[in-house]
Amino acid sequence: MSDLICIGAIAGSFGVSGEVRLKSFCSQPADIGTYGPLLSEDGSHEYHITLTRPVAGGLGARIKGVSTKEQADALRGTTLHVPRDRLPSLPDDEFYHADLIGLSAHDPGGEPIGKVIAVYNHGAGDILEISTSRHKSALLLPFTAAIVPNVDLAAGRIIVDLPEDSE
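Read on for a plain summary of the structure. (Residues numbered from 1 in each chain as written. Predicted model: local features only at pLDDT ≥ 70, side-chain atom pairs only at ≥ 80, totals over all residues. Heavy atoms only, no water.)

**Looking at the overall build of the protein**
If you tally the helices and strands in the protein, you get two helices and 13 strands. Taken along its principal axes, the extent of the C-alpha atoms in the protein is 55 × 30 × 25 Å. The buried share of the protein, taken over its 167 residues, is 37%. Contacts in the protein between residues at least 24 apart in sequence constitute 49% of all its contacts with a sequence separation of at least 6. Here the protein has roughly 9500 Å² of accessible surface; of this, 52% comes from carbon and sulfur atoms. For the protein, the centre of its 13 positive side-chain charges and the centre of its 22 negative side-chain charges are spaced 10 Å apart. (Helix = DSSP H or I, 4+ residues; strand = E, 2+ residues; numbered from the N terminus. Buried < 20%, exposed > 50% of the residue type's maximum accessible area, 1.4 Å probe, protein only. Contact = heavy atoms within 4.5 Å. Areas by Shrake-Rupley, 256 points an atom, 1.4 Å probe, with all protein chains shown as cover. Lys, Arg positive; Asp, Glu negative; His and termini not counted. Charge placed at Lys NZ, Arg CZ, Asp CG, Glu CD.)

**Digging into the environment of serine 67**
On the secondary structure map, serine 67 appears in the loop between strand S6 (58–63) and helix H1 (69–74). Taking the C-alpha atoms as reference points, serine 67 and aspartate 107, 40 residues apart in sequence, are found 53 Å from one another. Aside from chain neighbours lying at most four places away, what touches serine 67 is Ser17 and Gly18.

**A short note on the side chain of histidine 106**
Mapped onto the secondary structure, histidine 106 falls in strand S8 (residues 104–106). Given the relative accessible area of 12%, histidine 106 is considered buried. Within the local environment of histidine 106, its side chain forms a polar contact with the backbone oxygen of glycine 110, the two atoms lying 3.3 Å apart. Setting aside anything within four residues of it in sequence, one finds histidine 106 in contact with Glu111, Pro112, Ile113, Arg157, Ile158, Ile159 and Val160. (Polar contact = N/O pair within 3.5 Å; in protein donor to acceptor, adjacent residues only side chain to side chain.)

**Topic: the nonpolar core**
By size, the foremost hydrophobic cluster in this structure holds 21 residues, and its most contacted members are Ile7, Leu22, Ile32, Leu38 and Ile63. Of all the secondary-structure elements, those providing two or more residues to this core are strand S1 (4–13), strand S2 (20–24), S6 and strand S7 (79–83). Those residues in contact with leucine 38 that lie beyond four places of it in its chain are Ile7, Ile32, His45, Glu46, Tyr47, Ile49, Leu80, His81 and Val82. In terms of nonpolar packing, the next biggest core, distinct from the first, is built from 17 residues, Val119, Leu141, Ile147 and Val160 among them. (Core = buried A, V, L, I, M, F, W, Y, C linked by side-chain atoms within 4.5 Å.)

**What to know about the packing of aromatic side chains**
Given two aromatic rings, their pairing is described by the distance between the two centres and the angle made by the two planes. This structure, assessed with the given rule, holds one aromatic pair. Measuring from ring centre to ring centre gives 6.1 Å for phenylalanine 95 and phenylalanine 143, while their planes differ by 65 degrees; the resulting arrangement is edge-to-face. Remark: phenylalanine 143 occurs in the loop between strand S11 (139–142) and strand S12 (150–152) and phenylalanine 95 occurs in the loop between S7 and helix H2 (97–100); sequence separation between them is 48 residues. Here phenylalanine 95 and phenylalanine 143 have matching classes, each one buried. (Phe/Tyr/Trp six-rings, centres within 6.5 Å; stacked < 30°, edge-to-face > 60°.)

**Considering the state of the cysteines**
For the structure on display, the rule yields zero disulfides. Between cysteine 6, a cysteine without a disulfide, and cysteine 26, which holds the nearest cysteine sulfur, the sulfur-to-sulfur distance is 9.4 Å. (Disulfide = S-S within 2.5 Å.)

**Concerning the pairing of S7**
Taking burial as the measure, the five residues of S7 include four buried ones, the bulk of the element. Of the pairings in the sheet, the one linking S1 to S7 comprises five bridges and is antiparallel in character. Looking at S7, one finds that glycine 8 is bridged to leucine 80. (Pairing = 2+ DSSP bridges.)

**Side note on the side chain of glutamate 129**
Here glutamate 129 shows up in strand S10 (residues 126–132). For the buried residue glutamate 129, which engages in no salt bridge, the nearest side chain bearing the opposite charge is lysine 115, 14 Å off. Within the local environment of glutamate 129, its side chain forms a polar contact with the side chain of tyrosine 120, the two groups lying 2.4 Å apart. Residues contacting glutamate 129, with those up to four places away along its chain left out, are Lys115, Val116, Ile117, Ala118, Tyr120, Ala138, Leu139 and Leu140. (Salt bridge = Lys/Arg side-chain N within 4 Å of Asp/Glu carboxyl O.)

Right under this line is the structure:
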C-alpha cells in the first residue's frame, strides 16, 4: 500500500491571474481543500491551496506562489497527493483505489486470473482493469459485491466472480 494517496489533479489554469482548475477525487469534492498542503506524486513538492469557487469541471483554487496564467498552465496534469494518515479510515467495504492497484485477482476456486492494474470511475461506479493471460485483452469489470465478493488487502488479493460471457 502506498503512503501517498492521490486525491486530485490540476486540470489547467482558470482565468489570467494564476488561478487553477482542480479536479477532486474526493467523495465530497471540496474536501480536497481540508487536508493541508498537498504533495506531488513523489512527495518532493508541497502545494498550499485555497479553494475559491466551483467552476465548470471542478473547483477553482489559488496555489501559494502561483500568480500568472503561465505558472498555472505549467502545473496542468500535476497530480495531488496526501499522506495516508491524513485521510479518514474507511468502512470495511470501502477501499482507496491505490490499495486495489497491484492486488492479484483469483477466481472463486482460487485459480489466478491476473492483477489489478488500474481503477477507473467515470461517474457510474468503479471499474477494475485486470491484466490477464487468460484473455486477449485486459478485463474491465465493475467493482461490485457481485463481481468482486472478497477483497483481502492483507493477503494482497481479490476474488473475482467473472460474468459468464467473459470466460
